[in-house]
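# Architecture and fold: a report
Residue-level listing of the chains:
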Amino acid sequence: MDQIEVDVDDVRDHLVDYVNHALHHGAVTHITSGGRRIAAIAPTWVAERMSSLSAAPTHRAVLEASRDNDGYTIFIYEIITDEDTGEPLTGDPVAQDHPSPDLGMAELTAYTEQRLPELGYRVVSHGGVIFDLLEI
């Protein structure tokens, strides 16, 4: 599937073009503001497929440095919602992995995105060193 990123100002000037691109080519246009994705123009079938999936991640993967100074450990925690505040809390780890200790943070993030499906999780989104996941 073709995906592009365009600034919100460009979308204002060429909205019809991006809608037609979605309609005729199945493309997804990610709208950005200040370099950050804020919305998307997508074919209806993409939106319908996404709405049929659970939008709420069931787990969260967090990259943590180990205390023994031997690199990083990827922990996948259950997300538990606090009944009083509705805030997500982490429970016990449900999976973990130990990548090479020589990886830098960018390499570790890329490794994690590739490795998580092998552990049974699909990455929904990520920010920094936190990944929101769905079980496969």
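The preceding data block contains the structure.
What counts and how
Residues numbered from 1 in each chain as written. Predicted model: local features only at pLDDT ≥ 70, side-chain atom pairs only at ≥ 80, totals over all residues. Heavy atoms only, no water. Pairing = 2+ DSSP bridges. Helix = DSSP H or I, 4+ residues; strand = E, 2+ residues; numbered from the N terminus. Axes fitted to C-alpha atoms, helices over the stretch in contact; angles between N-to-C directions. Buried < 20%, exposed > 50% of the residue type's maximum accessible area, 1.4 Å probe, protein only. Salt bridge = Lys/Arg side-chain N within 4 Å of Asp/Glu carboxyl O.

Taken in spatial order, the three strands line up as β1-β2-β3 in an open sheet, and their pairing is mixed. The outermost strands of the open sheet, each flanked by one partner alone, are β1 (3-7) and β3 (36-41). In this sheet, adjacent strand axes meet at a mean angle of 35° when their direction is disregarded. With five bridges connecting them, strand β2 (residues 28-33) and β3 associate as antiparallel partners. When the sheet's bridge partners are listed, Ser33 is paired in β3 with Arg36.

Before going further, it helps to examine the environment of Leu15. For Leu15, the location among the structural elements is in helix α1 (residues 8-25). Among the residues examined, Leu15 registers a relative accessible area of 44% and is labelled partly exposed. When the C-alpha atoms of Leu15 and Ile41 are compared, they prove to be 9.2 Å apart, with 26 residues separating the residues in sequence.

What follows covers the pattern of salt bridges. All chains considered together, the criterion is met by four salt bridges. Across the salt bridge formed by Arg37 and Glu5, the nearest N and O atoms sit 2.7 Å from each other. Placement of the pair is Arg37 in strand β3 and Glu5 in strand β1, with a sequence separation of 32 residues. Among the residues examined, Arg37 registers a relative accessible area of 45% and is labelled partly exposed. According to the relative accessible area criterion, Glu5 is partly exposed, its value standing at 46%. With its nearest N and O atoms 2.9 Å apart, the salt bridge here joins Glu118 to Arg115. With a relative accessible area of 59%, Glu118 lands in the exposed category.

Read these as geometric descriptors, not functional statements.
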